[in-house]
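Here are the chains, one letter per residue:
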Amino acid sequence: MCGIIGIASNKSVTSNIIQSLKKLEYRGYDSAGIATILNGNIDEKKCTGRVDNLEKILFKNPSSGSLGIGHVRWATHGVPNQVNAHPHSSEEVSVVHNGIIENSNVLKKNLEKKGYKFKSQTDTEVITFLLTDFLKEYDLVEAINKTLKTLNGSFALGILFKKYNNVVAGARRGSPLAVGYGPNENYLGSDSYALKSMTNKITYLDDGEICILTNNKIDFYNSENKKINKKILILSNDKNLAEKGDYKDFMSKEINEQNTTIKTCVKEYVDQLRKDINLYNFPINPLDIKKIVLIGCGTAYHSCVAAKYWFEEITNIPIEIDVASEFRYRKVNLHKENLYIFVSQSGETADTFAALDLCKKNKVKTCSIVNVVESSIARNSDFVLPIHAGPEIGVASTKAFMGQMLVLYILAIKISEIRKEISRVDYEKKINDLIKLPDLIKKTLNYCGNHIQIIAKDFLQTNGAIFLGRGLSFPIALEGALKLKELSYLHAEGYPAGEMKHGPLALIEEGLPVVILAPKDRYFEKTISNMQEVIARGGKVILITNEINKVISENVRFTLEMPETGEHLAVFLMTIPLQLLAYHVASLKNCDIDKPRNLAKSVTVE
Ligand code: F6R
């Protein structure tokens, strides 16, 4: 949440800051701002709304300067207006911040007593005044460290100084911050994606560290003001993957490339010749695992729900699933024989990271399933299983969900094979089904493309919708409802179909769209009975199934016929119409597809 950029150069930095902020907009888009050092003074420009607005301000009233910081905001403290937009500057310093300062109220009172006048409602302004105050007594690095020690909470910071007018400083605790090395300039960014068009040489700050950038040098310090050395990583060159190409938005690109991303991921893990799965030195012996605990947030959590069904079906290992924001604060009994798996697209989600950190501190076995392999969660877990989906920019997670499910499924089969809980024949059959999956996804994408736009129109005359499924279709119902909520702002519920009669059936009224997920599985007949109960009460049913012949679909408004696939893999195909449904309803309602209101891609605050 919130995007930060900082550049120390020997030429004007404004244009590169704006271009980078556009890339970071997926992290927050309430307001934007920039500060540069101009003629020895801090020059700050801010606006509400998108970076485009900031660009217009700069067009009328240009900024220059070879040192600068920029910010896109996802509001936490204070409404999204111009005053609360970052940077927050005093005469002496200018600060951009991602995170939350938990003791800001107390700090503010103390600073007010000293005579500092606050303009904004943000927690960030206390950092500006603390730095201003400490700089009266201490040198640059000491003043930053004194400030950081006063703050509770999480932060990544970019800072400009009037006195040290050739440096940009960065610091972090809890929120990520990347440092980039360029020719005659150096960079700070809240993720490496924002820096990729400028450099592929990156260092990640660790908690409690500080970096001081000039145009030709980067120095790192620890919390004791001592200089430290950091490793430089060379990032892969996947710039093109992060472009929209001919697509209208990132989400439609990301939905439509799922056959390719799943193919890449299958290739990474499946040895197609030997009909085997390769987990590349997975350091944990599956025979020693007593229990697996799967943890994530939002869509990533839904992939954990699906995985629970697979693991329970294919292995004899007890499985628990948990939402990270609950796990991190509950009194959980952590055990050395358990494996704790953390699922996250960004690898930076604050709650998931905190849950991982709790496990690390208790020295239990951890593994992460992430998309961004340089992320904090990946770097801090014992072992990483990447999903190989390429950059996901649309705020609503689509291809990452498919990748997370795929890697979890692959892991379940491999663990089962090593524990001899699956027969060789069944193991090979499952691998053969996996190899066929990308083509089936392609077929489903082609088929759905023609139908969903029509179905979406029904959702314009309603205030809500319900998604129902049993077994493995239940997590997909949850995911379908989440996608519709976040993209089209319609109220949507995902429910286990068998639970309807225990309350939610009261919601069914004439014309309410109800999406029924009924693949050919052991629940099929039962789900169809639940569907009839919905139809009898006036619900407008959209049935998604691959068991066409058995359905009496007289009163079904639309039936979507999915290709046949192994029972465990039907969920991958069922997910696609739900993603497209949310996409088309949101398009018809003119919602901002890639940047739904109130949300941001990388949730680095609690
Ligand atoms: C929904 C969505 C979110 C994320 C959640 C976790 O479309 O994108 O629910 O899944 O914020 O994010 P990651 O996977 O980055 O940990």
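J.: Where do I start with the site of the ligand in this structure?
T.: As a structural note, the neighbourhood of the ligand is formed by 15 residues, with Ser-344, Gln-345, Ser-346, Thr-349 and Glu-486 the closest of them. Here an oxygen atom of the ligand and a backbone polar atom of Thr-299 are 3.2 Å apart. Measuring from an oxygen atom of the ligand, one finds a side-chain N or O atom of Lys-483 at 2.9 Å. Protein burial of the ligand: of its 410 Å² of free accessible surface, 89% is covered by the chains. Going through the elements one at a time, α9 (298-314) and α15 (473-488) are the ones with two or more residues in the shell around the ligand. The residue makeup of the shell around the ligand, split by class, is 6 nonpolar, 7 polar and 2 charged.

J.: What is the right way to read helix α13 (residues 399-418) from this model?
T.: What sets the pattern is the α-helix's 3.6 residues per turn: residues three or four places apart point alike. Given a rise of 1.5 Å per residue, 20 residues ought to cover 28 Å, and the 29 Å separating the end C-alpha atoms of α13 matches this to within 8%. The element α13 is largely enclosed, with a buried count of 18 among its 20 residues.

J.: Honestly, the pairing of strand β25 (residues 513-518) in this entry has me stumped. Any pointers?
T.: Two faces belong to every sheet, and in a regular strand the side chains alternate between them. The buried fraction of β25 is high, at 6 of 6 residues. Relative to β25, strand β23 (residues 464-469) runs parallel, the two sharing 4 bridges. Across the sheet, Ile-466 pairs through a bridge with Val-514, a residue of β25.

J.: Explain the sheet that holds β25 here, please?
T.: In any sheet, the strands associate via hydrogen bonds between backbone groups, in a parallel or an antiparallel arrangement. The parallel open sheet is built from 5 strands, whose spatial order is β24-β23-β25-β26-β27. Looking at which strands have only one partner, the edges of the open sheet turn out to be β24 (491-496) and β27 (558-561). Pairwise comparison of adjacent strand axes, ignoring direction, gives a mean angle of 15 degrees for this sheet. Bridge count between β25 and strand β26 (residues 540-545): 6 bridges; the pairing is parallel. From the neighbouring strand, Val-515 faces β26, where its bridge partner is Ile-542. Most of the contacts of α15 go to β24, to which it runs at about 175 degrees, and overall it touches β23, β24 and β25. With respect to the sheet, helix α16 (residues 524-536) is in contact with β23, β25 and β26, its orientation differing from that of β25 by roughly 170 degrees.

What counts, and at which threshold
Residues numbered from 1 in each chain as written. Predicted model: local features only at pLDDT ≥ 70, side-chain atom pairs only at ≥ 80, totals over all residues. Heavy atoms only, no water. Near = heavy atom within 4 Å. Polar contact = N/O pair within 3.5 Å; in protein donor to acceptor, adjacent residues only side chain to side chain. Areas by Shrake-Rupley, 256 points an atom, 1.4 Å probe, with all protein chains shown as cover. Helix = DSSP H or I, 4+ residues; strand = E, 2+ residues; numbered from the N terminus. Nonpolar A, V, L, I, M, F, W, Y, C, P; charged D, E, K, R; others polar. Expected span 1.5 Å × (residues − 1). Buried < 20%, exposed > 50% of the residue type's maximum accessible area, 1.4 Å probe, protein only. Pairing = 2+ DSSP bridges. Axes fitted to C-alpha atoms, helices over the stretch in contact; angles between N-to-C directions. Contact = heavy atoms within 4.5 Å.

The values are spatial; any link to function lies outside them.
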